[in-house]
Amino acid sequence: MPVPVGLSFYASFFTPPLLGSTPRILKGSIKKIFKMEEITNVMEYEAVAKKKLPKMVYDYYASGAEDQWTLAENRNAFSRILFRPRILIDVSKIDLTTTVLGFKISMPIMVAPTAMQKMAHPEGEYATARAASAAGTIMTLSSWATSSVEEVASTGPGVRFFQLYVYKDRKVVEQLVRRAERAGFKAIALTVDTPRLGRREADIKNRFTLPPNLTLKNFEGLDIGKMDKADDSGLASYVAGQVDRSLSWKDVQWLQTITSLPILVKGVLTGEDARIAVQSGAAGIIVSNHGARQLDYVPATIMALEEVVKAAQGRVPVFLDGGVRRGTDVFKALALGASGVFIGRPVVFSLAADGEAGIRKVLQMMRDEFELTMALSGCRSLKEITRNHVVADWEAPRASLPQPRL
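If you're wondering where the values come from, they're calculated on a predicted model, not measured in any experiment. (Residues numbered from 1 in each chain as written. Predicted model: local features only at pLDDT ≥ 70, side-chain atom pairs only at ≥ 80, totals over all residues. Heavy atoms only, no water.)

J.: How would you sum up the overall build of the protein? Please name residues and give values.
T.: Regarding its fold elements, the protein presents 14 helices and 12 strands. Counting every position in the protein, which comprises 406 residues, the buried fraction comes to 55%. As presented, the protein carries roughly 17500 Å² of accessible surface, and 53% of it is formed by carbon and sulfur atoms. (Helix = DSSP H or I, 4+ residues; strand = E, 2+ residues; numbered from the N terminus. Buried < 20%, exposed > 50% of the residue type's maximum accessible area, 1.4 Å probe, protein only. Areas by Shrake-Rupley, 256 points an atom, 1.4 Å probe, with all protein chains shown as cover.)

J.: Hey, could you go over the confidence of the model for the protein for me, with residue numbers and the actual values?
T.: The share of residues in the protein with pLDDT of 70 or more is 83%, and the mean pLDDT across the chain is 89. Low pLDDT, under 50, characterises residues 1–33; the stretch is placed with 53 contacts to residues that sit more than four places away or in other chains. (pLDDT = per-residue confidence, 0-100. Contact = heavy atoms within 4.5 Å.)

J.: Describe empty space enclosed by the protein, with residues and values.
T.: Taken as a whole and assessed by the stated rule, the structure comprises two cavities of 30 Å³ or more. Taken as a whole, the largest cavity spans an internal volume of roughly 600 Å³. Only α3 (55–62), α4 (69–76), β11 (340–343) and α14 (345–377) provide two or more residues apiece to the lining of the largest cavity. Ranked by the residues each element gives to the lining of the largest cavity, the list is headed by α14, at four residues. (1 Å grid on protein atoms, 1.4 Å probe; cavity = no way out; pocket = protein on both sides within 12 Å on 5 of 7 lines; lining within 4 Å. Points joined across faces, edges and corners; volume = space filled by probe spheres on them.)

J.: If you had to explain the nonpolar core to someone new, which residues and values would you point to?
T.: Core analysis: the biggest nonpolar cluster contains 106 residues, and L164, I302 and F370 have the highest contact counts within it. If sequence neighbours within four positions are ignored, L164 has contacts with S143, V173, L176, V177, I188, A189, L190, T191 and L255. (Core = buried A, V, L, I, M, F, W, Y, C linked by side-chain atoms within 4.5 Å.)

J.: Got a sec to walk through the UniProt feature "active site" (unreviewed entry) in the protein? Specific residues and values, please.
T.: What UniProt calls "active site" (unreviewed entry) maps, in this numbering, to H290. Counting through the fold element by element, H290 comes out in the loop between β9 (284–287) and α12 (301–312). The exposure class of H290 is buried, given its relative accessible area of 11%. With residues up to four places along the chain from it excluded, the contact list for H290 reads Y165, T191, D193, T194 and R200. At 3.3 Å, the side chain of H290 and the side chain of T194 are in polar contact. (UniProt positions renumbered as here; feature names shortened; annotations may be inferred. Polar contact = N/O pair within 3.5 Å; in protein donor to acceptor, adjacent residues only side chain to side chain.)

J.: So, the pairing of β9: which residues are in play, and what are the values?
T.: Where burial is concerned, the two faces of β9 agree: the one with G284 and I286 and the one with I285 and V287 are both buried. Looking at chain direction, strand β8 (residues 263–268) and β9 are connected through four bridges and run parallel. Counterpart to L264 in the pairing with β9 is G284. Handedness of the β-α-β unit built from β8, helix α11 (residues 271–279) and β9 comes out right-handed. For β9 and strand β10 (residues 318–321), the ladder comprises three bridges, and the chain directions are parallel. The partner of V287 across the bridge, within β10, is L320. Traced from β9 through α12 to β10, the parallel crossover comes out right-handed. (Pairing = 2+ DSSP bridges. Right-handed = clockwise from strand over helix to strand, strands pointing away.)

J.: Just give me the short version of the packing of helix α13 (residues 327–335) against α14, but keep the residues and values in it.
T.: Contact geometry of α13 with α14 gives a least axis separation of 7 Å together with a crossing angle of 60°. Comparing their axes, α14 and α13 come out oblique. The element α13 and its partner α14 pack so that their crossing is right-handed. Facing G327, T328, V330, F331 and L334 of α13, the residues of α14 in contact are M366, E369, F370, T373, M374 and S377. Of the residues belonging to the contact of α13 with α14, the class tally is six nonpolar, four polar and one charged. (Axes fitted to C-alpha atoms, helices over the stretch in contact; angles between N-to-C directions. Parallel < 35°, antiparallel > 145°, perpendicular 65-115°, else oblique. Left-handed = near helix turned anticlockwise from the far one by under 90°. Nonpolar A, V, L, I, M, F, W, Y, C, P; charged D, E, K, R; others polar.)

J.: So, the pairing of β11: which residues are in play, and what are the values?
T.: Here β11 shows no split at all, with G340 and F342 on one side and V341 and I343 on the other all buried. Pairing analysis gives three bridges linking strand β4 (residues 109–111) to β11, with the strands arranged parallel. Among the inter-strand pairings, M110 is bridged to a residue of β11, identified as F342. Two elements, β10 and β11, share three bridges in a ladder whose sense is parallel.

J.: Give me the lowdown on the side chain of Q163, citing residues and values where you can.
T.: Looking at where Q163 falls in the secondary structure, it is placed in strand β6 (residues 160–164). Reaching out from Q163, the side chain makes a polar contact with the side chain of T191 at a distance of 2.9 Å. Setting aside residues up to four positions removed in sequence, Q163 forms contacts with P113, T140, L141, S142, S143, A189 and T191.

J.: Got a sec to walk through the pattern of salt bridges? Specific residues and values, please.
T.: Taken as a whole and assessed by the stated rule, the structure comprises 18 salt bridges. A salt bridge links R75 to D329, with the nearest nitrogen and oxygen atoms 2.9 Å apart. Of this pair, R75 sits in helix α4 while D329 is found in helix α13, placing the two residues 254 residues apart along the sequence. Accessibility classification places R75 together with D329 in one group, the buried group. Notably, a salt bridge pairs R80 with D393, separated by 3.8 Å at the nearest N-O pair. Of this pair, R80 sits in the loop between α4 and β1 (81–83) while D393 is found in the segment after β12 (390–392), placing the two residues 313 residues apart along the sequence. (Salt bridge = Lys/Arg side-chain N within 4 Å of Asp/Glu carboxyl O.)

Next up, the structure:
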């Protein structure tokens, strides 16, 4: 069984964790191998999290839908993109800053919405908000957070987006959006790939439910903040009862009538839907397959990216999440047209391992790796990262390239 790309460090210690196998420790203990100060890349936090978290919680964060083919492919596809670095360029000064929806941030690496973070660490979303703010980047808060929009806002300044699921009761949606506005959130990331929850077999086996000491804080006063136990996945039952399966493009337009916040459509994988998103007034698009947790056998997001970028025709920014674990991944996404990336699992695994300090370290490692990739590719700013800096194994043979100029 092949080791998923990016996890080669584990090869001498474990069978591949993405494929759900049991760690096979050949020598020493995880504690010895993974002292916090010895962690040198983002992926090493997953083994620490697996050791520390209850099985139900770790499996919830780590697993994907059905055969988990797309889960592995989200990582593997990055390995099929190679660099075409340019040399003898003065890279003594490198600028990673960028602007997202008018907000200047320190780097094109942002925090994706991940649910129920207090299952990972008692400080949960509070720690994530502080770490993102310290890094000078954007945090996206999940609708299904275990801290409310008001609580996250209370952690201090920072640019924050709010991820929205549309519930059957539209009054709940309106109330939630207005609370996010009042709490200073700057955009809505509308998840559009979840009319029903994907079949996540680890959650079914574990009879996943939110631990009794926690609630979905944004819904606490509405009597829908708890999750009942079920014969399979408590979350799947919750979604079936609450989330609106009739959600359609007209609702993207409806959302614009109840908020002045820009709307990012999260979950686009095709050029056809990218064009409709632009026509429907979206301020941006997030190419996402929900961390491979919804429909299995959809392409890796990095493979779907260019089609979406071409369809958007520069009218709105296009972002990507899914499988980003290295600074090299960030560069590849930007070279293929993304305006930035969002990271999810690295945040919850580092949160579980080391709280706020873990997330800070993840964001710093990603930044450092990305800056190094830019330098070694001959790029001094994001605008210098071009399609000519990468070659993918799925593209046609390269046509003649523009003649280089000194």
